[in-house]
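Spelled out from the first residue to the last, the chains are:
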Amino acid sequence: MVRPKVFVTRRLLPPYLEVLREACDVEVYPGEGPPSRMELMEKVKGLDGLLCLLTDKIDGELMDAAPKLVVVSTMSVGYEHVDVPEATKRGIYVTYTPGVLTEATADFAWTLLMTAARRITEADRFIRARQWKIGWIPTFMLGSGVYGKTLGIIGIGRIGAALALRAKGFGMRCLYYDIFKPPSEREKELGVEYRPLDQLLKEADFVSIHVALTKETYHMIGEKELRLMKPTAYLINTARGAVVDEKALAKALKEKWITAAGIDVFEKEPIDPENPLLELDNVVLAPHIASATMEARSKMAEVAAKNVVAVLKGEMPPFLVNPDVLKVRPLDKARRV
Ligand code: GLV
């Protein structure tokens with residue numbers, strides 16, 4: 001039997017290659033950045049499986065160029081870059097990598113929160129600019145306390161819940177908003193109370209976003225929402241840039257409707273050099289690295305590879321996005337090895 005062909009759109013951390021090579025012929029894109037659209041259109045022609053990243057747009061046109069494709073495995077928890085209904089229609093399994101990046105991402109949201117609250121990046125810039133001339137000043141670089149404050153979590157899925165557990169150690173009151181309300185035992189275990197979004201925004205000292213980007217969550221936090229927040233409040237975003245209206249956020253930070261923000265994700269990545277956030281001191285910026293630990297990125301690659309191999313073996317992949325695909329192309333028809 002011919003081994004199925006799999007293309008991986010970037011070099012990843014081990015041991016994903018061993019996992020793939022057990023069952024497939026593998027080609028890995030050698031570039032530092034993503035393949036161009038043209039390169040990807042060309043590459044997918046003879047593919048059975050594609051292991052991609054959130055920087056690769058996987059739409060109907062690309063799928064049409066790949067008549068043999070049965071699995072698109074994204075190495076990410078977000079999958080808004082994959083047109084899932086188009087994949088399902090064509091019998092293409094779409095898989096993702098939830099769970100293995102939860103703790104890393106929650107750690108990073110917490111890091112942004114603390115960094116913004118205690119002005120670490122401002123302090124670092126200040127000292128490197130050789131501006132530290134007086135040893136200790138009682139009123140200098142004052143930030144906000146975190147202990148005992150109120151945290152508002154938008155989206156209480158895996159990562160939002162992991163953030164709530166961290167907040168417990170800081171004696172925080174924890175509010176959440178979500179369209180899915182967890183059972184009350186789960187609320188108790190996490191120590192969280194539900195609030196409608198507007199109410200959460202009014203009450204919270206720190207607001208952290210943990211929702212997927214969908215039509216419903218696009219610009220969910222805009223001018224109106226930012227104006228509801230306290231002038232002493234902070235906004236943290238490690239989810240997707242487009243959940244926040246970035247122009248409104250820049251205005252809110254500039255005009256001090258809120259105190260500061262910590263932002264890891266942007267409407268356009270890499271960030272536009274003209275982005276007004278770059279001019280502001282009261283925002284901590286990071287280049288989409290919330291899951292960037294050796295442990296998380298290695299596991300994400302391994303899980304993405306296992307998802308591919310499972311489908312090509314005709315087995316249920318560990319993390320399937322579109323279970324309806326089973327009706328279009330049952331697993332035994334997806335099997336290639
Ligand atoms: C990263 O942003 C991911 O979706 O995994």
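Residues numbered from 1 in each chain as written. Predicted model: local features only at pLDDT ≥ 70, side-chain atom pairs only at ≥ 80, totals over all residues. Heavy atoms only, no water.

**Q** Now, about the overall build of the chain: what can you tell me, with residues and values included?
**A** Regarding its fold elements, the chain presents 14 helices and 12 strands. Taken over the C-alpha trace, the chain has a radius of gyration of 22 Å; the compact-globule value for 337 residues is 20 Å, and the two agree within 12%. Referenced to the eigenvectors of the C-alpha coordinate spread, the extents of the chain come out at roughly 75 × 50 × 30 Å. The 337 residues of the chain split such that 52% are buried. In the chain, of all internal contacts separated by at least 6 residues, the share reaching a separation of at least 24 is 60%. Of the accessible surface of the chain, which amounts to about 16500 Å², a share of 57% is contributed by carbon and sulfur atoms. Charged side chains in the chain number 47 positive and 45 negative. The centres of these two groups are separated by 2 Å. (Helix = DSSP H or I, 4+ residues; strand = E, 2+ residues; numbered from the N terminus. Rg over C-alpha atoms; globule rule 2.2 N^0.38 Å. Buried < 20%, exposed > 50% of the residue type's maximum accessible area, 1.4 Å probe, protein only. Contact = heavy atoms within 4.5 Å. Areas by Shrake-Rupley, 256 points an atom, 1.4 Å probe, with all protein chains shown as cover. Lys, Arg positive; Asp, Glu negative; His and termini not counted. Charge placed at Lys NZ, Arg CZ, Asp CG, Glu CD.)

**Q** Outline the site of the ligand, listing residues and values.
**A** Residues in contact with the ligand, as listed here, are L54, S76, V77, G78, L101, R240, H288 and M300. In this structure, an oxygen atom belonging to the ligand sits 2.8 Å away from a main-chain N or O atom of V77. H288 has a polar side-chain atom sitting 2.7 Å from an oxygen atom of the ligand. Look at the ligand: alone it shows 200 Å² of surface, and the protein chains cover 90% of it. Of the residues belonging to the shell around the ligand, the class tally is 4 nonpolar, 3 polar and 1 charged. (Near = heavy atom within 4 Å. Polar contact = N/O pair within 3.5 Å; in protein donor to acceptor, adjacent residues only side chain to side chain. Nonpolar A, V, L, I, M, F, W, Y, C, P; charged D, E, K, R; others polar.)

**Q** Break down the pattern of salt bridges for me, citing the residues and quoting the values.
**A** One side chain can pair with another of opposite charge once the charged atoms of both are near each other. Counting across every chain of the model gives 30 salt bridges. Between E32 and R11 there is a salt bridge whose closest N-O contact spans 3.7 Å. Placement of the pair is E32 in the loop between β2 (25-28) and α2 (37-43) and R11 in the loop between β1 (5-8) and α1 (16-21), with a sequence separation of 21 residues. Per residue, the accessibility class of E32 equals that of R11, and both read exposed. Linking R90 and E86 is a salt bridge whose minimum nitrogen-to-oxygen distance equals 2.5 Å. When salt bridges that share partners are traced, they join D64, E86, K89 and R90 into one network. (Salt bridge = Lys/Arg side-chain N within 4 Å of Asp/Glu carboxyl O.)

**Q** Can you explain helix α5 (residues 102-117)? Please cite residues and give values.
**A** Here α5 contains 16 residues, and its C-alpha end-to-end distance of 22 Å stays within 8% of the 22 Å for a straight helix at 1.5 Å per residue. Summarising burial for α5: 12 of the 16 residues are buried, a large majority. Residues T102, A104, T105, A106, F108, A109, W110, L112, L113, T115, A116 and A117 constitute the buried set of α5. Backbone geometry just downstream of α5 places R119 in the positive-phi region, at approximately 60°. (Expected span 1.5 Å × (residues − 1).)

**Q** Describe helix α12 (residues 294-312), and please don't skip the residues or the numbers.
**A** Between its terminal C-alpha atoms α12 stretches 27 Å, which fits the 27 Å expected from 19 residues at 1.5 Å a residue. With 14 of 19 residues buried, α12 lies mostly within the body of the structure. Of the residues one or two after α12, G314 is the one with positive phi, at around 80°.

**Q** Describe the packing of aromatic side chains, listing the residues and the values that go with them.
**A** By the definition in use, this model includes 7 aromatic pairs. Between Y176 and Y194, the aromatic rings sit 5.6 Å apart at their centres with planes inclined by 75°, giving edge-to-face as the arrangement. On the criterion of sequence distance, the pair formed by Y176 in strand β7 (residues 173-177) and Y194 in strand β8 (residues 192-194) is long-range, its members being 18 residues apart. When the ring of Y177 is compared with that of Y194, the centres are 6.2 Å apart and the planes differ by 40°; the resulting orientation is tilted. Of this pair, Y177 sits in strand β7 while Y194 is found in strand β8, placing the two residues 17 residues apart along the sequence. A residue is classified by how much of its surface remains accessible, and Y194, at 31% relative accessible area, is partly exposed. The ring of W257 has R227 lying over it, and the distance from NZ or CZ to the ring centre is 3.8 Å. (Phe/Tyr/Trp six-rings, centres within 6.5 Å; stacked < 30°, edge-to-face > 60°. Lys NZ or Arg CZ within 6 Å of the ring centre and 35° of its normal.)

**Q** Could you give an account of the pairing of β2, naming the residues involved and the relevant values?
**A** Note that β1 and β2 share 4 bridges and pair parallel. Paired with V6 across the two strands is V26, which belongs to β2. A crossover connection joins β1 to the parallel β2 through α1; in handedness this β-α-β unit is right-handed. (Pairing = 2+ DSSP bridges. Right-handed = clockwise from strand over helix to strand, strands pointing away.)

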